[in-house]
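Observations on chain architecture
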2 protein chains.
Amino acid sequence: MPEAGTGSLVGPVEVVGTGLVGTSVALACARAGIEVLLSDHNDEHVRTASGLGAGRVRRADDRPQLVVVAVPPDVLGPVITAALTASEAVVTDVGSIKARPLAQVLEHPEAAAHAARYVGSHPMAGSEHSGPLAASPTLFEGRPWAITPHRDADVAAVELVEDLVRLVGAVPAWLTPEEHDRAVARISHVPHLVSSLVAGRLAGAPDNHLSLSGQGVRDVTRVAAGDPRLYGQIVAGNAPAVGELLRELRRDLDAMIEAIAGDERAALEQLLETGVAGTRAIPGKHGAPATAMVSVFVTVPDHPGELARLLADAVASEVNVEDIRIDHDTSRPTGLVELVVAEQSGERLLVSLESRGWVTHR
Amino acid sequence: MPEAGTGSLVGPVEVVGTGLVGTSVALACARAGIEVLLSDHNDEHVRTASGLGAGRVRRADDRPQLVVVAVPPDVLGPVITAALTASEAVVTDVGSIKARPLAQVLEHPEAAAHAARYVGSHPMAGSEHSGPLAASPTLFEGRPWAITPHRDADVAAVELVEDLVRLVGAVPAWLTPEEHDRAVARISHVPHLVSSLVAGRLAGAPDNHLSLSGQGVRDVTRVAAGDPRLYGQIVAGNAPAVGELLRELRRDLDAMIEAIAGDERAALEQLLETGVAGTRAIPGKHGAPATAMVSVFVTVPDHPGELARLLADAVASEVNVEDIRIDHDTSRPTGLVELVVAEQSGERLLVSLESRGWVTHR
């Protein structure tokens, strides 16, 4: 276990990249009384963030407990790698893609030796605005924040990142890096790209077409206003998952075009019905009526990597783990981990974990 | 000029179809002190609407000045036809498609003889809810309301429909029936269909994917919750325009899939840039900073069909006519019509109308 990873976040926290998300993390930590160190290749952003009370400029002799990398997708891998090799800190990042940066860390000879200290994460919060001036310490309150430990991540490092997520008021969601990327392709990247295609049909349209615009088209196209360079990086970094879903969507589009051309009303209505079902599948916002929960207890050998392996197996069963509680009784050679899931998912999780060799209890 | 068409709305107004839109029209008219007659094949809807103060049940001997047909797209043609042959009233409808119902009227031997009394229209207002209980007299305030006169519509009939639009607080937008259908394909039907395709990718998705849903995917898919049977009718009734745009969108989707698969970042960013331009093309809501306006005056022979011909020629120039004022001095053999358009569109409208043989003045 690395010396910095105490499993309890006390700081200092270093934030690398003082844009909207990085500065918001810094403000939330500072508000909780944790010392925050700021760095960015853009000096003006650091000064602005510091002026907002987000922390102070990092010095060479600072020893952060946790480094939060908040830089654009194209440079996530190199910046995480640099953070791992430059300090003893636990390192997380808040990037929109998780598998490729992890692969870049594992491919780097020196960083790979420290990969146990790296645990990726991704807050599902943002804004059409950008930069430190748009930041807010409450940006993450009640929002999902994906934590995506790889198989060799240290338990203490995972716990430290979870501490950060809870500190800023977000709701942890546990996924493998690969599953995370498939999830955001579906619920974020593809909706953005398709919104952009619809908006593209408006560019250069006659004024008298556009003057009939109502709330519907405004809603469908709102996200398409996002920065093309940033979204280009995000999508390029998640090309396999995004491409697969776009090809699925093209098959449906082909079927829709055919149904309309052939006046096949039942086929058209079926496609629209599937869409209605999709809108109903989106869970209510945090604060909506709570689902009944059930706990699954798992016996875990008390050595590094086992908790991460359990989490990986839990998420591989496609059950959404709502909460995790770890029994820290160090007098025993095994630990007990409690996984909290929706009632209807409990049985599935039990069966799935047992099939993977875990000892479970209700 | 038919006896009912005085060019000034005094009532009674008959509303055929007491769903959300029909009942909202009725409530707005009743609030303005106009007698409203209600009819619907669903007795319960009529009683509900009447109970809300929207009007009284129509009797056989009533003689409405204006009939507003507010029925589903599949039955627009037959109900408009029946209204034209059953009374001397001016007839409009509030349906989402305009060319096909008009064609059905013109194909009907008896109704075709009365087609001068029919002027289609379409309020760009609605709700995810339906039925009379969701109705509101303020539903149309500040919203665009397309008026789509055909070439042989009576001037007085057009004016009466414009009176209705202004009475309920909506903003008239003048288009030909064909241009209207192309416009709503672009700003309503295709956004709805594509929203439905995105939502379709969520149906049956793993819980742990859906739990990461943020505001973006909720916005993109909101309209997809609409009634599949109603939207099936709308889309089927506008198949050529919708099909053309969906095929354009498929070409862009193919280009996007190729750009992502080939990691062609510039091509991907270009598609996203076009989307950004599209979001900027949507005009501000009514109440946004006003555009400077200019008036174009046109000399119009004072006999039936001429105003409609002028409107058809004006909209054929793809200029959005914001307002129309008609000089009613009956002592002259010609009238003067003032067309109000955005400043930058004035010259285009002048040139276009002159090329079609109209005498214009600044």
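The structure displayed is predicted, hence computed values, not measured ones.

**Considerations on the overall build of chain A**
Summing up its helical and strand segments, chain A has 14 helices and 12 strands in all. Taking 2.2 N^0.38 as the reference for a compact globule, 362 residues should give roughly 21 Å; the C-alpha atoms of chain A span a radius of gyration of 22 Å, in line with that estimate. Each principal axis of the C-alpha atoms in chain A carries an extent, and together these give about 70 × 55 × 40 Å. Across the 362 residues in chain A, those meeting the buried criterion constitute 58%. Intrachain contacts of chain A at a sequence separation of at least 6 include 72% that bridge at least 24 residues. Summing over all exposed atoms, chain A offers an accessible surface of approximately 14500 Å²; the carbon and sulfur share of this is 50%.

**Notes on the domain arrangement of chain A**
Residue and element names in this part refer to chain A. Each assigned domain of chain A is listed with its residue range as follows: domain 1 (13–175), domain 2 (181–281) and domain 3 (293–361). Put simply, the middle of domain 1 and the middle of domain 2, counted by C-alpha atoms, are 31 Å apart. On the domain 2 side, the residues contacting the 12 residues of domain 1 number 12 residues. For the pairing of domain 1 and domain 2, the buried interface totals around 900 Å² over both sides, and the portion due to carbon and sulfur atoms is 59%. Connecting domain 1 to domain 2 are zero salt bridges. Linking domain 1 to domain 2 there are three residue pairs in polar contact (both at pLDDT 80 or more). Here the residues of the side of domain 1 that touches domain 2 sort into six nonpolar, two polar and four charged.

**Section: the relation of the copies chain B and chain A**
For the match of chain B to chain A, the screw axis carries a shift of 0.0 Å, the RMSD comes to 0.1 Å, and the turn is 180 degrees. The superposition of one copy onto the other is thereby described by a two-fold rotation axis. Every residue of chain B has its C-alpha some distance from the rotation axis, and the shortest such distance is that of B:Val220, at 2.1 Å. Interface overlap between copies is the fraction of interface residues in one copy that are interface residues in the other; for chain B against chain A it reaches 100%, indicating a shared surface.

**What to know about the interface of chain B and chain A**
Counting residues at the interface gives 90 residues for chain B and 91 residues for chain A. Overall, the association of chain B and chain A removes approximately 8500 Å² of surface from exposure, summing both partners, and the carbon and sulfur fraction of that is 67%. Counting the surface chain B buries against chain A, the share from its top three residues, B:Leu197, B:Arg201 and B:Leu212, is 10%. Our count for the chain B to chain A interface comes out at 10 salt bridges.

**Brief notes about the pattern of salt bridges**
Residues and elements named next belong to chain A. Throughout the structure, instances matching the rule amount to 28 salt bridges over all chains. Residue Arg58 pairs with Glu14 through a salt bridge whose shortest N-O separation is 2.7 Å. Of this pair, Arg58 sits in the loop between β3 (56–57) and β4 (66–69) while Glu14 is found in strand β1 (residues 13–16), placing the two residues 44 residues apart along the sequence. Accessibility expressed as a relative area gives 25% for Arg58, which makes it partly exposed. Given the relative accessible area of 5%, Glu14 is considered buried. The residue Arg56 makes a salt bridge to Glu35 at a minimum N-O spacing of 3.1 Å. With Arg56 in strand β3 and Glu35 in the loop between α1 (20–31) and β2 (36–39), this pair connects stretches of sequence that are 21 residues apart. For Glu35, a relative accessible area of 41% gives the class partly exposed.

**Re the sheet that holds β4(A)**
Residues and elements named next belong to chain A. As summarised here, the arrangement of the five strands in space is β3-β2-β1-β4-β5, forming an open sheet in which the pairing is parallel. The open sheet has two free edges, formed respectively by β3 and β5 (90–93), since each of these has just one partner strand. Contacting β1, β4 and β5, helix α3 (residues 76–86) runs over the sheet at an angle of about 165 degrees to β5. Across the sheet, helix α6 (residues 155–167) touches β4 and β5, and the angle it forms with β5 is around 50 degrees.

Conventions and cut-offs
- Residues numbered from 1 in each chain as written.
- Chains lettered and ligands numbered in written order.
- Predicted model: local features only at pLDDT ≥ 70, side-chain atom pairs only at ≥ 80, totals over all residues.
- Heavy atoms only, no water.
- Helix = DSSP H or I, 4+ residues; strand = E, 2+ residues; numbered from the N terminus.
- Rg over C-alpha atoms; globule rule 2.2 N^0.38 Å.
- Buried < 20%, exposed > 50% of the residue type's maximum accessible area, 1.4 Å probe, protein only.
- Contact = heavy atoms within 4.5 Å.
- Areas by Shrake-Rupley, 256 points an atom, 1.4 Å probe, with all protein chains shown as cover.
- Domains from an automatic or database assignment.
- Buried area = accessible area lost by both parts, 1.4 Å probe.
- Salt bridge = Lys/Arg side-chain N within 4 Å of Asp/Glu carboxyl O.
- Polar contact = N/O pair within 3.5 Å; in protein donor to acceptor, adjacent residues only side chain to side chain.
- Nonpolar A, V, L, I, M, F, W, Y, C, P; charged D, E, K, R; others polar.
- Least-squares fit on C-alpha atoms with pLDDT ≥ 70 in both.
- Pairing = 2+ DSSP bridges.
- Axes fitted to C-alpha atoms, helices over the stretch in contact; angles between N-to-C directions.

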